[in-house]
Amino acid sequence: MRLTAIDLTIIAFYFIMMIIIGIVMKNRAKRSKDSYLMGGKKLPWYMLGLSDASDMFDISGTMLLVSMAFLYGFKSVWIPWMWPVFNQVFLMVFLSKWLRRSNATTGAEWLGTRFGLTDKGVKQSHAIVVVFALMLCIGYMAYAFVGVGEFLEIFIPYESIKEVVPFLNQNLEQYTAGSEAYTTALYAAKHTTAQFYGVSICLVATFYSIVGGMHGIVLADFIKYMIMIVCSLFVGTIAMIHLADSGIIFTDKMPLGWDSPFFGAELGLDWQNILADAQIKLEKDGYKLFSAVVAMMFFSGVLKSLAGPAPNYDCQKILSTKSPEEASKMSGFISIILLPIRYFMTMGLCILGVLYFKDLTLSHTADGVNFESIMPAVINKYLPVGLVGLVLAGFLGAFMSNFSGTLNAGQAYIVNDIYLKYFKPEADRKQIISMGYLSGAVMVILGVGLGLFIKDVNMIFNIITAGLYGGFVCANVLKWYWWRFNASGFFWGMFAGIVASAIPPALSVTGVTTYFDGTSMLYYFPVFIIIQLIACVLGSYAAPPTDEATLKNFYKTVRPWGFWKPVREAIQAEDPTIERNKNFKINMFNVGMGIAGQILLTLLPMYFILSKWTGLFVVLGLLAVIFIVMRKTWWNRLSDF
């Protein structure tokens, strides 16, 4: 452990500040249900955008990004499409506006504006989206839990606390040091230690998020993000100094093509003669046929993006904005404030990891080096005193942001869509807040419980992106763009999708098979879609169309484009001033420009830190063109449909 008294003081001060925020914001959060869950819908869009970006700048994700940058170089900018990172572009261009116009509190409550409250299948559709939302929230909490445990175990390893916390011991004294049994037991002890840290830090995050509500979360996120900006700038600068002082040509240490974002049919990176463990990792990840993988990620990503935000913290932040226009601004702001800052740190840590790889104390798995441990190992060894504490405080805050934002979303579903809807509609303010506390505790127990079964960050990343999101897509695309789609179709589509897409992750988590590990699950996405589409169509035609008054009100309020002709004509018969939303083409143009802009914003710090000036100026020039064009085609048209 290399933490000094200064570093520990900084970390302690940060945690004390977070607890104070929870206490100070407690009274404001107690004013009303909306104040607790949504900040009273009075928070400015840029604060919510910073908060949302803060939620995304998490430990688990950054560890994964650093390992990907190390292994895949500039080609790693495409891998987040699996999430997909460009869903923020679809939200920015049109979907955030559409969602915010509902004035709902949660995604499940939003369904009432689309399918009404009394039609066949409405109760089931409401129930299924709540189930999915809670599954997703629990998955995200497990994702955060696993990452923070791995992160802290590097700084405070098992060996340094085994005497203080004896229950972490895996009976190592029974085995001969260096034997296979000893090594296995040592890995188990380290894994248990990481889980112990995860549980401990979750308790702090739970306190300030449950007590402080949305006001506390947003303020804490803002403070944390300011810290992360400072840390990112320092880390990137330190990496540049170390690289310059080393006098080496960086790309000579890496596989040919590592410093180019372009690729052919195959990945084309050969680590075999440079680092055999890296080659093994690449083969296990399944990115060899890179063009096919990227194409599948783009295909699935577009469908996931067209479905709108998943019912998590992202959805809650959009619904918490003051207006539809501010919802769009918030979603656009996220990419601008997040990507350059996050990748400046990511690339800085990656470069330090490459320069000093042989000197790093990295954790191992059964397959060899755990490349996700590069980030904490570099921070622990090569950042100066004080900055280590600041970075740790920022990343632990990042964990708490992701964890608490997800927890807040889960609480909103339990309180609004279960407790108030089915158990106690007449509950007073005090009872609602108490239920918020109780539901938060239940969500933490379930999220941490799932995290105890997860092997590593990459595993839960694939479970969420290729598994859980696979069951979300079809029904949530059709709800926006097809008038005949009804609550019955939504229920059966979601049900079929959840069941089909949950089977592969369940088999992986329980250890039944490793067949679906890596990107293998991604190739089953079309199968999930076909199953869902059949269920959606059959379910829709098994019940009457949604009530006409509900459809008319939805169309007039949300103003979507798509297959709405019968509804539009019925409205126009009563009010000829209602026009069709003709923005599909301009929306898709802006989406294309936005996705290109995201890639360029990601590449910007990568070219800068490696001093690749030609590439940097090309990126800056293209970004300038995109900003100028989108000011006219998007920003100046925010009040359009």
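Quantities reported herein were computed from a predicted structural model and do not represent experimental measurements.

Tell me about the overall build of the chain, and please be specific about residues and values.
Scanning the chain from N- to C-terminus turns up 24 helices and 2 strands. In the chain, which comprises 641 residues, the proportion classed as buried is 61%. Look at the contacts in the chain between residues 6 or more apart in sequence, and 84% of them connect residues 24 or more apart. Counting every atom, the chain has about 24300 Å² of accessible surface; 66% of that belongs to carbon and sulfur.

Any details on the packing of aromatic side chains? Residues and values, ideally.
Scanning all chains against the criterion turns up 43 aromatic pairs. Look at Phe115 and Phe490: their rings are 5.7 Å apart centre to centre, the planes differ by 55°, and that puts the pair in the tilted class. Taken together, the positions of Phe115 in helix α6 (residues 107-115) and Phe490 in helix α19 (residues 487-509) put the pair 375 residues apart, joining distant regions of the chain. Taking the relative accessible area as the measure of exposure, Phe115 reaches 1% and is therefore buried. When the centroid spacing of 6.0 Å and the interplanar angle of 55° are considered together, the rings of Trp482 and Tyr541 count as tilted. On the criterion of sequence distance, the pair formed by Trp482 in the loop between α18 (473-481) and α19 and Tyr541 in helix α20 (residues 525-541) is long-range, its members being 59 residues apart. For Trp482, a relative accessible area of 16% puts it in the buried group. A relative accessible area of 53% means that Tyr541 is categorised as exposed.

How would you explain the packing of helix α13 (residues 324-355) against helix α23 (residues 584-609) if you had to name every residue and give the values?
For the pair α13 and α23, interaxial distance at closest approach is 8 Å and the crossing angle is 35°. The chirality of how α13 crosses α23 is right-handed. Judged by residue contacts, Ser335, Ile336, Leu339, Pro340, Tyr343, Phe344, Met347, Gly348 and Ile351 of α13 engage Gln598, Leu601, Thr602, Pro605, Met606, Phe608 and Ile609 from α23. Taken together, the residues of the contact of α13 with α23 break down into 12 nonpolar, 4 polar and no charged.

Summarise the pattern of salt bridges; cite the residues concerned and give the values.
The tally for this structure, following the rule as stated, stands at 7 salt bridges. Ionic pairing is found between Lys190 and Glu153, a salt bridge with its closest N-O pair at 3.9 Å. Here Lys190 is found in helix α9 (residues 180-246), whereas its partner Glu153 is found in helix α7 (residues 122-155), with 37 residues between them in sequence. Take Glu153: its relative accessible area is 7%, and that puts it in the buried class. Salt-bridge contacts for Lys281 lead to Asp285; the nearest nitrogen and oxygen are separated by 3.2 Å. Of this pair, Lys281 and Asp285 both sit in helix α10 (residues 276-285), 4 residues apart, roughly one helical turn. Put simply, Glu548, Lys552 and Glu574 are held in one network by salt bridges that share partners.

Please give an account of the environment of Met63 that cites residues and values.
Within the secondary structure, Met63 is located in helix α4 (residues 59-72). Here Met63 falls in the buried class, since its relative accessible area comes to 1%. A C-alpha to C-alpha distance of 8.4 Å links Met63 and Thr346, two positions 283 residues apart in sequence. Discounting residues that sit within four places of it in the chain, Met63 has contacts with Gly147, Glu150, Phe151, Glu372, Met375 and Pro376.

Go over α13 with me, naming the residues and quoting the values.
For α13, which comprises 32 residues, the first-to-last C-alpha distance of 47 Å matches the rise-based estimate of 46 Å (1.5 Å per residue) to within 8%. The axis of α13 is deflected most strongly, by about 25°, at Leu338, and proline Pro340 appears within four residues downstream. Within α13, 28 of the 32 residues are buried, which leaves it mostly tucked inside the rest of the structure.

Tell me about the side chain of Ser373, and please be specific about residues and values.
Tracing the backbone shows Ser373 in the loop between β2 (368-369) and α14 (374-382). Accessibility expressed as a relative area gives 3% for Ser373, which makes it buried. Residue contacts for Ser373: discarding those within four places in its chain leaves Ile154, Leu362 and Ser363.

Lay out the environment of Gly61 in plain terms, naming residues and giving numbers.
Along the chain, the position of Gly61 falls in helix α4. Classification of Gly61 by relative accessible area gives buried; the value is 7%. Ignoring any residue separated from it by four or fewer positions in sequence, one finds Gly61 in contact with Tyr143 and Arg342.

Explain helix α24 (residues 613-633) to me, using residue names and the numbers behind them.
Taking 1.5 Å of rise per residue, the 21 residues of α24 would be expected to cover 30 Å, and the 30 Å separating its terminal C-alpha atoms lies within 8% of that figure. Within α24, the full set of buried residues consists of Gly615, Leu616, Val619, Leu623, Ile626, Met630 and Thr633. Looking down the long axis of α24, one finds its buried residues gathered within 125° of arc, a one-sided arrangement. In this structure, α24 carries Thr614, Phe617, Ile628 and Lys632 as exposed residues pointing more than 90 degrees from its buried face. Packing partners of the buried residues in α24 comprise α5 (87-100) and α23.

If you had to explain the nonpolar core to someone new, which residues and values would you point to?
Within the largest apolar cluster, 199 residues are counted, with the highest numbers of intra-cluster contacts made by Phe70, Phe94, Phe151, Trp258, Ile379, Phe395 and Phe399. At 21 residues, α7 tops the list of elements feeding residues into this core. One finds Tyr419, Leu420, Ala427 and Ile432 within the second-largest nonpolar core, a separate group that totals 6 residues.

Break down unusual backbone geometry for me, with residues and values.
Backbone torsion omega between Trp83 and Pro84 reads 0°, so that peptide bond is classified as cis. A positive phi angle is found at Arg559, which is not glycine, with a value near 60°. Counting through the fold element by element, Arg559 comes out in the loop between α21 (548-558) and α22 (565-574). Backbone geometry at Ser611 places phi at a positive 55°, although glycine is not the residue there. Take Ser611: it is sitting in the loop between α23 and α24. On the basis of relative accessibility, which here comes to 35%, the residue Ser611 falls in the partly exposed class.

Any details on a nonpolar patch on the surface? Residues and values, ideally.
Together, Trp492, Phe495, Val499 and Ile503 line one region of the surface with nonpolar side chains, adding up to about 380 Å² of accessible area. Relative to the assigned elements, Val499 resides in helix α19. Given the relative accessible area of 40%, Val499 is considered partly exposed.

Describe the packing of helix α11 (residues 290-306) against α20, with residues and values.
Relative to each other, α11 and α20 sit at 35°, their axes nearing to 10 Å. Facing α11, whose interface residues are Met296, Phe299, Ser300, Leu303 and Lys304, α20 presents Phe525, Pro526 and Ile529.

Now, about the environment of Arg114: what can you tell me, with residues and values included?
By secondary structure assignment, the location of Arg114 is in helix α6. Judged by its relative accessible area of 0%, Arg114 falls in the buried class. Arg114 sits 373 residues away from Ala487 along the chain, and the two C-alpha atoms are 8.5 Å apart. Ignoring any residue separated from it by four or fewer positions in sequence, one finds Arg114 in contact with Leu478, Lys479, Trp482, Trp483, Phe485, Thr546, Thr550, Leu551, Phe554 and Trp564. Reaching out from Arg114, the side chain makes a polar contact with the backbone oxygen of Trp482 at a distance of 2.8 Å.

Parameters at a glance
- Residues numbered from 1 in each chain as written.
- Predicted model: local features only at pLDDT ≥ 70, side-chain atom pairs only at ≥ 80, totals over all residues.
- Heavy atoms only, no water.
- Helix = DSSP H or I, 4+ residues; strand = E, 2+ residues; numbered from the N terminus.
- Buried < 20%, exposed > 50% of the residue type's maximum accessible area, 1.4 Å probe, protein only.
- Contact = heavy atoms within 4.5 Å.
- Areas by Shrake-Rupley, 256 points an atom, 1.4 Å probe, with all protein chains shown as cover.
- Phe/Tyr/Trp six-rings, centres within 6.5 Å; stacked < 30°, edge-to-face > 60°.
- Axes fitted to C-alpha atoms, helices over the stretch in contact; angles between N-to-C directions.
- Left-handed = near helix turned anticlockwise from the far one by under 90°.
- Nonpolar A, V, L, I, M, F, W, Y, C, P; charged D, E, K, R; others polar.
- Salt bridge = Lys/Arg side-chain N within 4 Å of Asp/Glu carboxyl O.
- Expected span 1.5 Å × (residues − 1).
- Bend = angle between axes of the 7 residues up to and from the residue.
- Arc of directions from axis to C-beta.
- Core = buried A, V, L, I, M, F, W, Y, C linked by side-chain atoms within 4.5 Å.
- Patch = residues over 30% accessible without salt bridge, like charges linked within 9 Å, V, L, I, M, F, W, Y side chains within 5 Å.
- Polar contact = N/O pair within 3.5 Å; in protein donor to acceptor, adjacent residues only side chain to side chain.

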